[in-house]
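Chain residues, written in single-letter form:
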Amino acid sequence: MTGETAHGLRGDYSRMRPDYTVEQDWAAYPPEAHALWRRLYERQASLVPRYACEEFIRSVAAMDLSDAIPRFDAVNPRLAKATGWEIVAVPGLLPDLAFFEHLAHRRFPVTVWLREPEEFDYIVEPDIFHDFFGHVPLLFDPVFADYLQAYGRGGVKAHALGAIEMLARLYWYTVEFGLIETPSGVRAYGAGILSSGGEISYSVESPDPNRIGFDLLRIMRTRYKIDTYQETYFVVRDFRQLFEATAPDFTPYYEQLAGRETHAPSAVLAADRVLHRGLAPVRAA
Ligand code: PHE
Ligand code: CO
């Protein structure tokens, strides 16, 4: 996830390098943190076979994250070999430009701290469970990995053009809350869904939210909620569609969209490819 600023966040930003990275210091996690990780992992691993896309399922199985908080330096050689990506440790949310620069260089920032036991079901800021369990598995997929790097490069450009808000919506509705069509029906690939105990089934099979075909310009005009389950999910046919639709230069898109009205998170439009029209207003998360 991107954040506007690194102020008022709960990570320890006092020991970071200029690019916001830190040491993971794996030995410093107390046994209780590993125990909480195991509980989080166990719940999520039991849901993934039913609700996650195939690429994610395979990747999680290959990583074996069941025992303890993962060590970044143990995963990195395998990730480098698979797609040339690397995980870097960070104190928490990063300023937009620093975040985009990491992605543009195939470095994925992962928060080092784990949530408190009271936050088992719900957490406001991304922690290591969200960042690692939710995001890292798909970095092993070559097409998705290329999309994420392209997104980072696009972010650096959008930053210069003052178009971050439009690009952030794309990240939200794809990398965080994206759904994908598969032979076994709609499945989740977004990290915000895959790391959530409740939203993973809600997003895929609840009659409440809208499920609408991926449409780049439509998404860049659609606002989103950060404190409830989503009212609308956008569904891609495959990662290739995501990569190809976002390949053109966005500069004219930004110009075209500037100053135009935005769509509510719950909106269904005449031009939408509606896979499912939501039946109910959103429940609080
Ligand atoms: N093609 C986009 C641009 O020119 C970059 C981008 C790629 C943005 C993928 C998002 C996702 O800005
Ligand atoms: Co995230």
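Residues numbered from 1 in each chain as written. Chains lettered and ligands numbered in written order. Predicted model: local features only at pLDDT ≥ 70, side-chain atom pairs only at ≥ 80, totals over all residues. Heavy atoms only, no water.

Overview of the overall build of the protein
Secondary structure assignment for the protein yields twelve helices and seven strands. For the protein, whose C-alpha radius of gyration is 18 Å, the value lies close to the compact-globule estimate of 19 Å for 285 residues. Dimensions along the principal axes, computed over C-alpha positions, put the protein at roughly 55 × 40 × 35 Å. Residues counted as buried form 55% of the 285 residues belonging to the protein. Sequence separation of at least 24 residues holds for 71% of the intrachain contacts in the protein that already meet a minimum separation of 6. For the protein, the computed accessible surface area is about 12,600 Å², with 52% contributed by carbon and sulfur atoms. Between the mean site of the 29 positive side-chain charges and the mean site of the 39 negative ones, the protein shows a separation of 4 Å. (Helix = DSSP H or I, 4+ residues; strand = E, 2+ residues; numbered from the N terminus. Rg over C-alpha atoms; globule rule 2.2 N^0.38 Å. Buried < 20%, exposed > 50% of the residue type's maximum accessible area, 1.4 Å probe, protein only. Contact = heavy atoms within 4.5 Å. Areas by Shrake-Rupley, 256 points an atom, 1.4 Å probe, with all protein chains shown as cover. Lys, Arg positive; Asp, Glu negative; His and termini not counted. Charge placed at Lys NZ, Arg CZ, Asp CG, Glu CD.)

Overview of the environment of proline 142
Locating proline 142 in the fold gives a position in helix 6 (residues 142–161). Of the residues examined, proline 142 reaches a relative accessible area of 49% and is grouped as partly exposed. Separated by 59 residues in sequence, proline 142 and threonine 83 place their C-alpha atoms 5.8 Å apart.

Re the coordination of the cobalt ion (ligand 2)
Looking at the cobalt ion (ligand 2), the protein donor atoms are His130 (NE2), His135 (NE2) and Glu176 (OE), and they sit 2.0 to 2.1 Å from it. Sequence spacing among the residues donating to the cobalt ion (ligand 2) works out to H-x4-H-x40-E. Here histidine 135, found in helix 5 (residues 128–135), pairs with glutamate 176, found in helix 7 (residues 164–176); they are 41 residues apart in sequence, far enough to count as distant. The exposure class assigned to histidine 135 is buried, which follows from its relative accessible area of 5%. With relative accessibility at 0%, the residue glutamate 176 sits in the buried group. (Donors = N, O, S within 2.8 Å, 3.2 Å for Na, K, Ca; no water.)

Thoughts on the pairing of strand 4 (residues 185–188)
Within a regular beta strand, the side chains point alternately toward one face of the sheet and then the other, so they alternate between its two faces. Sheet topology places strand 3 (residues 179–182) next to strand 4; four bridges connect them, and they run antiparallel. Within strand 4, the position partnered with glutamate 181 by the bridge is valine 186. (Pairing = 2+ DSSP bridges.)

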